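Results of the structural survey
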Amino acid sequence: MPGGLRAEILLVGALAAVGLVFGVLSGHVWAGLSLGLALVVMRLLWVVARLARWLERPETPPSRYAGGWLADLGQRLRRARAAQRRRERRWLRLIREYRRAADALPDAVVALDADNRILGFNPPSRQQLGLRQRDVGLPIDHLIRQPAFIDYLHSEDWLRDVEVPASDDPERVLNMHIFPYVQGRRLLVARDVTRLQRLQAMRQDFVANVSHELRTPLTVLAGYIETLLDTGDELPDELLRILEHMHLQSERMRRIVEDLLLLSRLETTSPSEDQFEPVNVSAMLDSIAGVAEQLSAAEKHLIVREIDPALGMRGIPRELDSLFSNLVFNAVKYTPAAGVISVRWFADERGLVFEVQDTGIGIAPQHIPRLTERFYRVDVGRSRARGGTGLGLAIVKHVLLRHQGRLEIESALGKGSVFRCIFPTALANSRALS
Ligand code: ADP
């Protein structure tokens with residue numbers, strides 16, 4: 001027990017005792033005791049009043065008549081208060097630091113509550129999204145009215161992001177991404193991707209132009225090589241071999257150029273509704289499987305067709321033909337002789353399913369996520385030897401995107417692969433048979 005407190009207890013005890021003694025001596029014990037207690041209460045009230053005054057004005061020292069107790073208690077209270085202030089200052093510093101960091105971000109960051117009302121935003125949100133201080137508390141979809149954004153906000157599928165034109169300038173493109181955090185709250189992060197999009201468009205234009213410019217000289221060269229080959233009998237064997245090699249390579253270049261042109265068309269244009277027509281998928285697959293049989297004649301693959309003849313779909317015929325051919329011909333290319341290739345077309349609860357299964361070389365798991373990148377090949381030598389361009393699966397991916405479809409790949413190294421395309425059921429069209 002601190003010394004000051006002990007002295008105070010002794011003092012009040014002494015006051016009570018004085019009252020009691022006075023009472024005994026005067027023959028009025030209770031009156032004396034009451035007097036002693038009244039003195040105790042008065043002393044305590046006086047000490048409390050001193051304490052309150054000292055806490056209010058800590059610079060004036062506590063009265064020396066208040067005893068060490070008051071100094072003790074005051075000291076403790078002051079220490080607790082100082083620690084509290086230090087904690088508050090630390091928090092304030094931390095909050096300011098976070099705010100400064102958020103303000104330094106070039107991206108717009110908006111905090112939203114569970115009803116999508118604005119809780120706060122950083123300064124770039126003013127310029128990027130046109131937000132004002134008075135907008136705090138308003139629902140964000142009252143201020144950003146682009147349908148693509150509103151759909152995204154309400155879809156709650158926030159693993160993906162969305163790109164929308166800026167409200168004040170349709171030339172500017174904003175990438176919007178929502179990140180949920182605590183208690184239904186969410187952060188909207190908007191980034192200006194106009195420059196990135198322009199660069200991408202430039203790259204696409206460049207590839208398309210180069211491919212286009214290469215097409216004519218290549219056709220001329222291939223034509224001359226073929227003419228020379230036609231007069232093969234008169235040429236020395238060595239020259240004939242060189243010409244055959246040149247013919248093979250020019251064919252390869254022609255295929256690359258054609259694939260690049262197709263890919264850039266798929267990437268840069270969006271399909272219009274009138275490009276979609278009923279496609280007789282079963283007839284298309286029959287003819288592709290027929291070509292595959294011819295291609296694999298020497299290797300004697302068994303091509304099994306499990307095709308629902310009554311199931312057609314609405315789509316862009318040329319693009320679907322390219323998608324189906326790429327997957328079926330890949331199965332032929334990457335399946336050793338006498339392997340089995342199954343081509344399936346059916347509908348189930350997932351949608352319309354096109355599936356090619358092979359008993360080929362298979363693909364190691366680490367390659368699977370990258371297969372649809374342009375020019376990504378597991379084994380460049382094998383792909384080239386089989387006449388591959390490295391663009392087939394990139395074309396497949398884009399055709400699927402344009403038909404709201406998705407690609408699933410299952411594969412086991414050395415055992416074979418399944419490439420599965422799933423289209424929405426809404427694209428089913430049984431009239432395609434007619
Ligand atoms: P490529 O013209 O090289 O075949 P693709 O884009 O069509 O290009 O395919 C990319 C790569 O995916 C191929 O190089 C090959 O390594 C792998 N691949 C595609 N289909 C199969 C398959 N059915 N079996 C094994 N590997 C495959």
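Residues numbered from 1 in each chain as written. Predicted model: local features only at pLDDT ≥ 70, side-chain atom pairs only at ≥ 80, totals over all residues. Heavy atoms only, no water.

Considerations on the overall build of the protein chain
Of the regular secondary structure elements, the protein chain holds eleven helices and twelve strands. For the protein chain, whose C-alpha radius of gyration is 42 Å, the value lies well above the compact-globule estimate of 22 Å for 434 residues. When its C-alpha atoms are laid out on the principal axes, the protein chain stretches across 150 × 50 × 45 Å. Per-residue burial over the protein chain gives 37% buried out of 434 residues. Considering only contacts in the protein chain between residues 6 or more positions apart, those separated by 24 or more positions represent 57%. Working note: accessible area of the protein chain is about 25800 Å², and carbon and sulfur atoms make up 59% of it. One way to put it: in the protein chain the 57 positive side-chain charges average out to a point 18 Å from where the 52 negative ones average out. (Helix = DSSP H or I, 4+ residues; strand = E, 2+ residues; numbered from the N terminus. Rg over C-alpha atoms; globule rule 2.2 N^0.38 Å. Buried < 20%, exposed > 50% of the residue type's maximum accessible area, 1.4 Å probe, protein only. Contact = heavy atoms within 4.5 Å. Areas by Shrake-Rupley, 256 points an atom, 1.4 Å probe, with all protein chains shown as cover. Lys, Arg positive; Asp, Glu negative; His and termini not counted. Charge placed at Lys NZ, Arg CZ, Asp CG, Glu CD.)

Focus on a nonpolar patch on the surface
Together, Trp91, Leu94, Ile95 and Tyr98 line one region of the surface with nonpolar side chains, adding up to about 500 Å² of accessible area. Mapped onto the fold, isoleucine 95 is located in helix H3 (residues 67-104). (Patch = residues over 30% accessible without salt bridge, like charges linked within 9 Å, V, L, I, M, F, W, Y side chains within 5 Å. Salt bridge = Lys/Arg side-chain N within 4 Å of Asp/Glu carboxyl O.)

As for a positive patch on the surface
Side chains of Arg78, Arg81, Arg85, Arg86, Arg87, Arg89, Arg90 and Arg93 sit close together on the surface and give a patch of like positive charge. Tracing the chain through its elements places arginine 85 in helix H3. The exposure class of arginine 85 is partly exposed, given its relative accessible area of 44%.

Some words on the domain arrangement of the protein chain
Structurally, the protein chain comprises domain 1 (3-99), domain 2 (105-192), domain 3 (196-268) and domain 4 (274-429). On a C-alpha basis, the centres of domain 1 and domain 2 stand 57 Å from each other. (Domains from an automatic or database assignment.)

Considerations on the packing of aromatic side chains
Enumeration over the complete set of coordinates arrives at three aromatic pairs. Geometrically, the ring pair formed by tryptophan 345 and phenylalanine 423 is edge-to-face, given 6.5 Å between the ring centres and 70° between the ring planes. Here tryptophan 345 is found in strand S9 (residues 340-348), whereas its partner phenylalanine 423 is found in strand S12 (residues 416-423), with 78 residues between them in sequence. Three or more aromatic residues joined by ring pairs make a cluster, and in this case those are Phe324, Trp345, Phe354 and Phe423. (Phe/Tyr/Trp six-rings, centres within 6.5 Å; stacked < 30°, edge-to-face > 60°.)

Side note on the sheet that holds strand S7 (residues 302-307)
Read from one edge of the open sheet, five strands run S7-S9-S10-S12-S11, paired in mixed fashion. Both edges of this open sheet fall to S7 and strand S11 (406-412), since each of them pairs with a single strand only. Strand-to-strand twist across the sheet, computed as the mean angle between neighbouring axes with direction ignored, equals 10°. Of the pairings in the sheet, the one linking strand S10 (residues 351-358) to S12 comprises seven bridges and is antiparallel in character. Residue pairing across strands places valine 353 opposite isoleucine 422, the latter belonging to S12. (Pairing = 2+ DSSP bridges. Axes fitted to C-alpha atoms, helices over the stretch in contact; angles between N-to-C directions.)

Looking at helix H8 (residues 281-295)
Taking 1.5 Å of rise per residue, the 15 residues of H8 would be expected to cover 21 Å, and the 21 Å separating its terminal C-alpha atoms lies within 8% of that figure. If you check which residues of H8 are buried, you get Val281, Ser282, Met284, Leu285, Ile288, Ala289 and Ala292. Buried residues of H8, viewed axially, fall in a sector of 155°; they line one side. (Expected span 1.5 Å × (residues − 1). Arc of directions from axis to C-beta.)

Digging into the site of the ligand
The local shell around the ligand holds 21 residues, among which Tyr334, Ser383, Thr389, Gly390 and Leu393 are the closest. For the ligand, an oxygen atom lies 2.6 Å from a polar atom in the side chain of serine 383. When the ligand is considered free in solution it has 530 Å² of accessible area, and contact with the protein chains removes 97% of it. Here the shell around the ligand takes three residues from helix H9 (residues 317-333), the largest share from any one element. Each residue belonging to the shell around the ligand can be placed in one class, and the counts come to ten nonpolar, eight polar and three charged. (Near = heavy atom within 4 Å. Polar contact = N/O pair within 3.5 Å; in protein donor to acceptor, adjacent residues only side chain to side chain. Nonpolar A, V, L, I, M, F, W, Y, C, P; charged D, E, K, R; others polar.)

Focus: the sheet that holds strand S3 (residues 162-165)
Pairing within the open sheet is antiparallel, and its five strands lie in the order S2-S1-S5-S4-S3. Each end of this open sheet is capped by a strand with a single partner; those strands are strand S2 (118-121) and S3. Direction aside, the axes of adjacent strands within the sheet are offset by 25° on average. One ladder, built from four bridges, connects S3 with strand S4 (residues 173-180); its direction is antiparallel. When the bridges of S4 are listed, valine 164 appears paired with leucine 174. The sheet contacts of helix H5 (residues 147-155) involve S3, S4 and strand S5 (186-192), and relative to S4 the element is tilted by about 10°.

Description of the pairing of S10
With seven of eight residues buried, S10 is to be regarded as a mostly interior element. Across eight bridges, S9 lies against S10 in antiparallel orientation. By the bridge assignment for S10, valine 343 is matched with valine 356. Here S9 folds back onto S10 in antiparallel fashion, the turn holding two residues.

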